[in-house]
Amino acid sequence: MKLFTLTPAAGKRLIGKALARHPAIQTALTSGALAIIAGTTNGYVAEEILRSLGQDRDFSRRRFFRGITTPPRNPTTDTGRLPDESKFPGDVIIRKGQWQKGKTIFDVVDELQSGDVILKGANALDLIRGQAAILVGDPKAGTIGVVLQAVAGRRVGLILPVGLEKRVCGDLASLAVKINAPGGQGLRLMPVPGEAFTELQALTLLTGARAELAAGGGVGGAEGSVWLAVEGTAEQLQAAEALVSSVGLEPAFEL
């Protein structure tokens, strides 16, 4: 067993590297469709997947998101969105290995079928149950509202890349009942069915080692960092160490 630490940015890069090797995503890239919905973690995922296809030249993670959490300017009125969203590039839609530039999930959701995969970031993670939830600001539930039509209606796969810094205590369904109650204010919360994919799953997929959250926290740029206890064979631990070293100096996300 060995302890490793990851900053949130390093965790995002690790998740991206692993999802580029995920079996369901590999199948969708070869014979179906993959929809990567814009988000900060998914920016790293899109970067790694497009790089694996040799199509990353025109992709930038900057502005590849719709809603984000930034240091509050006014905690009572901030919406989590940038004042100027004119540079939003759209989602990343890949069909049979080809990036269809300029399209969004709203353009293609009705075409998606069983075997296709959607990647959608999350804002809350219940590690015990392996479930994730998404903050909702749009009165029609935004992108997750249309995504669930494909997931529940046509068995389209849903993977939720989410960093361990978003872990919460308690049942997400119960939290949603409270947050979404009539008369409440602010964003709403939607628990969603799908495969929550964190740094833990990423390490296992790429090295075969078993990872467990052991501690967290940091300062001076390490805020939100996590300590992972990783167990495995000598070869697996060596691979994990090399992997963590490869992402460990990932710079913080910049707007």
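How each quantity is defined
- Residues numbered from 1 in each chain as written.
- Predicted model: local features only at pLDDT ≥ 70, side-chain atom pairs only at ≥ 80, totals over all residues.
- Heavy atoms only, no water.
- Patch = residues over 30% accessible without salt bridge, like charges linked within 9 Å, V, L, I, M, F, W, Y side chains within 5 Å.
- Areas by Shrake-Rupley, 256 points an atom, 1.4 Å probe, with all protein chains shown as cover.
- Salt bridge = Lys/Arg side-chain N within 4 Å of Asp/Glu carboxyl O.
- Helix = DSSP H or I, 4+ residues; strand = E, 2+ residues; numbered from the N terminus.
- Buried < 20%, exposed > 50% of the residue type's maximum accessible area, 1.4 Å probe, protein only.
- Axes fitted to C-alpha atoms, helices over the stretch in contact; angles between N-to-C directions.
- Parallel < 35°, antiparallel > 145°, perpendicular 65-115°, else oblique.
- Left-handed = near helix turned anticlockwise from the far one by under 90°.
- Contact = heavy atoms within 4.5 Å.
- Pairing = 2+ DSSP bridges.
- Polar contact = N/O pair within 3.5 Å; in protein donor to acceptor, adjacent residues only side chain to side chain.
- Nonpolar A, V, L, I, M, F, W, Y, C, P; charged D, E, K, R; others polar.

In this section: a nonpolar patch on the surface. There is a patch of nonpolar side chains on the surface, built from Met1, Leu3 and Trp227 and spanning about 330 Å² of accessible area. The residue Met1 is located in the segment before strand 1 (2–6) in this model. Given a relative accessible area of 61%, Met1 falls into the exposed group.

Let's shift gears to the packing of helix 1 (residues 8–19) against helix 8 (residues 234–247). The geometry of helix 1 relative to helix 8 is characterised by a closest axis approach of 9 Å and an angle of 120° between their N-to-C directions. Accordingly, the angle class assigned to the pair helix 1 and helix 8 is oblique. For the element pair helix 1 and helix 8, the recorded crossing hand is right-handed. Where helix 1 abuts helix 8, its residues Ala10, Arg13, Leu14 and Lys17 lie against Leu243, Ser246 and Val247.

Once that is clear, we can look at the sheet that holds strand 8 (residues 157–161). With mixed pairing, 6 strands are arranged side by side in an open sheet as 4-3-2-5-8-10. Two strands lie at the open edges of the sheet, namely strand 4 (98–99) and strand 10 (195–197), each paired on one side alone.

With that settled, consider the environment of Thr5. Inspection of the secondary structure assignment puts Thr5 in strand 1. Looking at Thr5, the relative accessible area reads 37%, which means it is partly exposed. The spacing of Thr5 and Ala214 is 209 residues in sequence and 9.7 Å in space, taken between C-alpha atoms. Filtering out sequence-adjacent residues up to four positions away, Thr5 remains in contact with Ser225, Val226, Trp227 and Val244. A polar atom in the side chain of Thr5 sits 3.3 Å from the backbone oxygen of Val226.

Further remarks concern the environment of Val156. Here Val156 is to be found in the loop between helix 5 (142–154) and strand 8. Take Val156: its relative accessible area is 3%, and that puts it in the buried class. As for Val156 and Ile118, which are separated by 38 residues in sequence, their C-alpha atoms are 7.3 Å apart. Those residues in contact with Val156 that lie beyond four places of it in its chain are Leu112, Gln113, Ser114, Asp116, Val117, Ile118, Ala150 and Val151.

It is worth spelling out the packing of helix 1 against helix 7 (residues 199–207) at this point. It is the contact of helix 1 with helix 7, at a shortest axis distance of 9 Å, that shows an interaxial angle of 45°. Between helix 1 and helix 7, the angle is such that the two are oblique. Handedness of the crossing formed by helix 1 with helix 7: left-handed. Facing helix 1, whose interface residues are Gly11, Leu14, Ile15, Lys17 and Ala18, helix 7 presents Glu199, Ala202, Leu203, Leu205 and Leu206. Here the residues of the contact of helix 1 with helix 7 are counted per class, giving 7 nonpolar, 1 polar and 2 charged.

Let us look at the sheet that holds strand 11 (residues 210–216). Spatial strand order, 1-12-11: 3 strands in an open sheet with antiparallel pairing. The sheet terminates laterally at strand 1 and strand 11, the two strands that pair on one side only. Looking at each pair of strands side by side, their axes are set apart by 30° on average, direction ignored. Sheet topology note: the strand 11/strand 12 (residues 226–231) ladder contains 6 bridges and is antiparallel. From the neighbouring strand, Ala215 faces strand 12, where its bridge partner is Trp227. With respect to the sheet, helix 8 is in contact with strand 1 and strand 12, its orientation differing from that of strand 1 by roughly 15°.

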